[in-house]
Amino acid sequence: METKTSKPNFLSYWLSFPSIHLLESSLDVGKICGQLPALQALNLSNNLMSPYKSELPPLESIRILVLNNTGVDWEQVELLRQSLTAIEELHLIGNNISRVLPMSSSFVQGFNSLRLLNLDDNCIAEWDEVMKLSQLRCLEQLYLNKNCLNAILYPDNGQQNELEATSYKPFQNLHCLLLGDNNIGDLVSVDSLNLFPNLVETRLSENPIADSTSGGVPRFVLIARLAKIKVFNGSEVTPRERKDSEIRYVRLVISRLHANAEEIKQHPRFSELKSLYGIEDERPSTGASGPQTIGSGFLSITLKCVGASMGEKQPLTKKLPATATVGKLKFLCESFFKLKSLKLKLFLQEEGSPLPVLLDNHTSSLMDLGIGNESIILVNEES
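Each residue is numbered by its place in its chain's sequence as written, counting from 1. This being a predicted model, a pLDDT of at least 70 is required before a residue's local features are given, and a value of 80 or more before pairs of side-chain atoms are given or counted; all residues contribute to the totals for chains, interfaces and linings. Processing note: side-chain calculations cover all non-hydrogen atoms of the structure and skip hydrogens and water entirely.

The name recorded for the chain in an unreviewed UniProt entry is Tubulin-folding cofactor E isoform X6, from Arachis duranensis.

Participant: Just checking my understanding: could you explain unusual backbone geometry for this structure?
Facilitator: Trans is the common state for peptide bonds, and a negative phi is the common state for residues other than glycine. One non-glycine residue, aspartate 181, lies in positive phi territory at about 55 degrees. Within the chain, lysine 338 stands out as a residue other than glycine whose phi angle is a positive 55 degrees. Helix numbering and strand numbering both begin at the N terminus, where a helix is a DSSP run of H or I of at least 4 residues and a strand a DSSP run of E of at least 2. Of note, lysine 338 is situated in the loop between helix H8 (326-336) and strand S13 (344-349). Judged by relative accessible area, lysine 338 falls into the exposed class, the value being 72%. Using a 1.4 Å probe on the protein chains alone, a residue whose accessible area is under 20% of its type maximum counts as buried, one over 50% counts as exposed, and one in between counts as partly exposed.

Participant: Looking at this structure, how should I read the side chain of arginine 219?
Facilitator: Looking at the element boundaries, arginine 219 is found in helix H5 (residues 219-225). Judged by relative accessible area, arginine 219 falls into the buried class, the value being 10%. Polar contacts here mean pairs of N or O atoms no more than 3.5 Å apart (in protein, one a potential hydrogen donor and the other a potential acceptor; neighbouring residues in sequence count only if both atoms are side-chain atoms). Separated by 3.3 Å, the side chain of arginine 219 and the backbone oxygen of phenylalanine 232 make a polar contact.

Participant: Whenever I open this one, the pairing of strand S11 (residues 298-305) confuses me. Can you help?
Facilitator: Remember that side chains alternate between the two faces of the sheet whenever the strand is regular. The buried count for S11 comes to six of eight residues, which makes it a mostly enclosed element. Of the pairings in the sheet, the one linking S11 to strand S12 (residues 316-321) comprises six bridges and is antiparallel in character. From the neighbouring strand, phenylalanine 298 faces S12, where its bridge partner is proline 321. Note on pairing: two strands pair once DSSP finds at least 2 bridges between them. When S11 meets strand S15 (residues 375-381), the two strands line up parallel, connected through five bridges. Within S15, the residue paired with cysteine 305 across the bridge is valine 379.

Participant: Would you mind showing me how to read the sheet that holds S15 here?
Facilitator: Sheets are built from strands paired through backbone hydrogen bonds, the pairs being either parallel or antiparallel. With mixed pairing, the five strands of this open sheet are ordered in space as S12-S11-S15-S13-S14. The sheet is open, and its two borders are formed by S12 and strand S14 (357-359), each paired with just one other strand. Strand after strand, the sheet turns through a mean of 35 degrees between neighbouring axes, direction not considered. Sheet topology places S13 next to S14; three bridges connect them, and they run antiparallel. When the bridges of S14 are listed, phenylalanine 347 appears paired with leucine 358. In this description, contact between two residues means that some pair of their heavy atoms is separated by no more than 4.5 Å. What counts as an axis is a line fitted to C-alpha atoms, over the stretch in contact for a helix, and the angles between N-to-C directions run from 0 to 180 degrees. Strands in contact with H8 are S11, S12, S13, S14 and S15; relative to S13, the strand with the most contacts, it is inclined by about 105 degrees.

In C-alpha cells, the structure reads:
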C-alpha cells in the first residue's frame with residue numbers, strides 16, 4: 001500500500017508578520033515560534049517592537065531574522081545572541097542605528113554562525129563603529145549602504161590593540177562589503193579596501209569619490225586601485241575590463257607626473273602596474289629613435305554617432321595619436337561624419353559602466369584621460 005507523504009508547511013520555513021500591530025513583548029514572538037519548531041526564517045519588519053531589556057526565549061531553529069524598520073537598537077541586538085544560536089542572516093535596515101555597543105568587550109562577540117549582516121539605511125557615521133564587528137568570525141557579507149560614513153580604515157599592525165593578542169585578522173572572512181550612498185570622498189579610503197584579506201565585492205556608487213562629474217574619479221580608476229575586486233557596483237569586473245582599466249590608469253598617472261612628480265605618492269599601485277604592462281613613462285622628443293612610448297603611439301578608436309538628428313551613420317574606426325585632444329577629436333568627428341552644423345558632445349563608453357563618461361575638457365588628450373586602444377567614443381549632440 002502506497003503511503004502518502006505530507007508536504008512541508010511553508011510556515012515551518014518562513015513566517016512574516018504584517019505591519020498592522022504592535023508586538024507587545026519578546027514573549028509574543030517566543031510563544032508563536034514555540035509552536036513552529038522547524039521555523040527557519042522570521043520576518044518582523046515594520047512592526048514597532050516594544051523595547052525588550054531581557055533575553056528572548058530560545059529560537060534555536062531560526063537561520064534568518066528580519067527586523068527592518070522595527071526601531072530596535074544595538075543593545076537589543078546584543079540580547080539576541082543567546083537566543084539565536086544558529087542565526088546566519090540578520091537584517092536591520094532602517095532602525096536609526098548609529099552606534100554598535102558590544103555587551104562585554106570592545107568587539108561584538110558571539111553570533112558564531114552569522115554570515116550576512118544588513119545595516120543598510122541606518123545612521124552609522126564613524127568607521128570605529130564598523131570595526132566593532134570585525135571579530136565576527138563567520139561574517140562574509142556586510143551591507144552598509146545609505147549610512148553616514150565618510151572614511152574607511154583597515155587597521156595596520158600598530159592599531160589593532162586587542163586584536164594583537166589573536167591571530168585572527170579583522171574581517172578575516174568578509175568577501176562582500178557594500179558602502180553605496182555614503183559620504184566617502186577620498187582615495188585613501190578606497191585603497192584601504194585592498195587590505196581586507198578576502199574582499200572580492202564592494203559597492204561605492206553614490207559616494208562623492210565615485211561621482212566623476214563632481215570631483216570624484218571614474219570607474220576605471222577605482223577598478224585599477226582595487227586589486228582584488230571581482231564585482232564592483234553590482235557588475236562583474238571581467239579580466240578584459242581589469243586589464244584595460246589598469247593600463248588606462250597608468251597612462252593617466254604618467255600624464256600627471258610630468259606636471260607634478262610628487263603625484264606618484266598618491267598612487268600606491270602605479271609602479272606595480274607600470275612594470276606589469278611594460279609601459280614607458282617618458283614623452284619622446286621629435287625624431288627620437290628607439291622604442292616608442294605611449295605619448296608617441298597611435299590608438300585604434302571606434303567612433304559611433306548616437307545623436308537623434310545625425311541619421312544612420314556607420315561607426316568608424318580610426319588610428320588617432322594618443323596626444324589628440326578632446327577638442328581636436330570633436331573637429332575630426334565633424335569632418336568624418338559631416339556634422340559641421342551641430343555642436344557635439346563626446347562620451348567614452350566603458351565596459352561594465354552603466355553610463356558613458358562625458359569628455360568635457362577640450363584641452364585634455366586621449367593619453368591624459370587614460371583612453372586606451374580599441375576604446376569606443378560616442379558622438380552626440382548638445383541638447
